[in-house]
Amino acid sequence: MGFQAACWFVLLLCTGGSLSKPTLRKERVVHPDPQLRDQLHEDNQSFQYDHEAFLGKEEAKTFDQLTPEESKEKLGKIVDRIDDNKDGYVTTEELKNWIKRVQKRYIYENVAKVWRDYDLNKDNKISWEEYKQATYGYYLENPEEFQDATDQHSFKKMLPRDERRFKTADLDGDSAATREEFTAFLHPEEFEHMKDIVVLETLEDIDKNEDGFVDQDEYIADMFAHEEGGPEPDWVITEREQFSDFRDINKDGKMDKEEIRHWILPQDYDHAQAEARHLVYESDVDKDQKLTKEEILENWNMFVGSQATNYGEDLTKNHDEL
């Protein structure tokens, strides 16, 4: 990711400009809402899944310390934030967006932590020049120290790559990233308009012969550093079969961009959408396909139960983070 550029500087110095290949299996597939995907939804036993979906796993734990009255009060404040257009109703779409943001809270927290390091003039935007100086300043001022850096992730290649990604994230084209645009820059896999960049960067990482495709050997080499004369683990043999049977859809012996997209960005089940529909269905007393605050508070046990969150603290934060 773009933010990793700063880390590559340290790695390049420590390794003399060359980074070793991975020795363990690398996972490139991006799964939406991973925390929800790995949980079971069993309302007949408890509302734990609903609580963690609505609040986030860690935040849900802290509601154990609240009384029902405190839980309802904090839930009411959350509802006001979910209602984006302030029309007094929470729609399935608004609820889905909230759940997605809660599940990705760590991303916004990450951006908040590094924001001040890049916003050098403190104008609440990060320009490309600010990011370039903060991340690549040493390289630009001392290029002679990087003459032997031939790895794919050398600064020479990462600088234009980051600039390309920055311009894609910069939706209004003003060469300065808002907090949301900078989040898209650092975490492109989480934003629809950045998916082409994710695919392109994956192709560039794996395509060692630079023919614009990923063949089976390049696919395996990205996951496993093969020792000369050594046997391949069973999982590598399985991955070769996966490549032939499922990755190479048109059976031409290689993956193009669309096949790479199909591999790393699968059309997974939308857990947030399903959970939003479930919460609306269970709480929508008048069956108008949307929820009032009263309907949500009436069914507060499903949303937060005796468990809610540290929203007393969260409500005082800069809401650009969430």
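Okay, so let's go over this structure. Here the structure is a predicted model, which is why all the values come from computation and not from measurement. (Residues numbered from 1 in each chain as written. Predicted model: local features only at pLDDT ≥ 70, side-chain atom pairs only at ≥ 80, totals over all residues. Heavy atoms only, no water.)

1. Digging into the side chain of threonine 292
For the record, the criterion: Helix and strand definitions follow DSSP, with helices as H or I runs of at least four residues and strands as E runs of at least two, each counted in order from the N terminus. In what follows, residue pairs with any heavy atoms lying within 4.5 Å of each other are defined as contacts.
Tracing the backbone shows threonine 292 in the loop between β6 (290-291) and α16 (293-298). Sequence-distant contacts of threonine 292, that is, excluding residues within four places in its chain, are made with Gly88 and Tyr89.

2. Some thoughts on the nonpolar core
Applied cut-off: In plain words, nonpolar cores are sets of buried Ala, Val, Leu, Ile, Met, Phe, Trp, Tyr and Cys residues tied together by side-chain atoms within 4.5 Å. Only protein chains enter the accessibility calculation, which uses a 1.4 Å probe. A residue is then buried if its area is under 20% of the maximum for its type, exposed if over 50%, and partly exposed in between.
Core analysis: the largest hydrophobic core is formed by 24 residues, its most contacted members being Phe54, Leu75, Leu95, Phe303 and Val304. Leaving out residues up to four positions away in the same chain, valine 304 has contacts with His51, Phe54, Leu55, Phe63, Ser71 and Leu75. Listed in part, the 23 residues of the second largest apolar core include Val114, Ile126, Phe155 and Leu186.

3. Notes on the packing of helix α3 (residues 48-55) against helix α15 (residues 271-283)
Quick note on the threshold: Each axis is a line fitted through C-alpha atoms, and for a helix only the stretch in contact is used; angles between axes span 0 to 180 degrees, taken between their N-to-C directions. Angles are sorted into four bins: roughly parallel if under 35 degrees, roughly antiparallel if over 145, roughly perpendicular if 65 to 115, and oblique for all others. Take the far helix as your reference; a near helix turned counterclockwise from it by less than a right angle gives a left-handed crossing, and one turned clockwise gives a right-handed crossing. Think of it as three bins: nonpolar holds Ala, Val, Leu, Ile, Met, Phe, Trp, Tyr, Cys and Pro, charged holds Asp, Glu, Lys and Arg, and polar takes everything else, Gly as well.
Viewed as axis vectors pointing N to C, α3 and α15 meet at an angle of 115°, and their least axial separation amounts to 11 Å. By the criterion of interaxial angle, the relationship of α3 to α15 is roughly perpendicular. Seen along the crossing, α3 lies across α15 with a hand that is left-handed. Residue-level inspection shows Tyr49, Asp50, Ala53 and Phe54 of α3 in contact with α15, the latter providing His271, Glu275, His278 and Leu279. Its residues placed into classes, the contact of α3 with α15 shows four nonpolar, two polar and two charged.

4. Looking at the environment of methionine 194
Take methionine 194: it is sitting in the loop between α10 (179-186) and α11 (195-206). For methionine 194, a relative accessible area of 0% puts it in the buried group. Separated by 29 residues in sequence, methionine 194 and arginine 165 place their C-alpha atoms 8.2 Å apart. Dropping the residues within four chain positions of it, methionine 194 is found in contact with Arg165, Thr168, Ala169, Ala184, Phe185 and Pro188.

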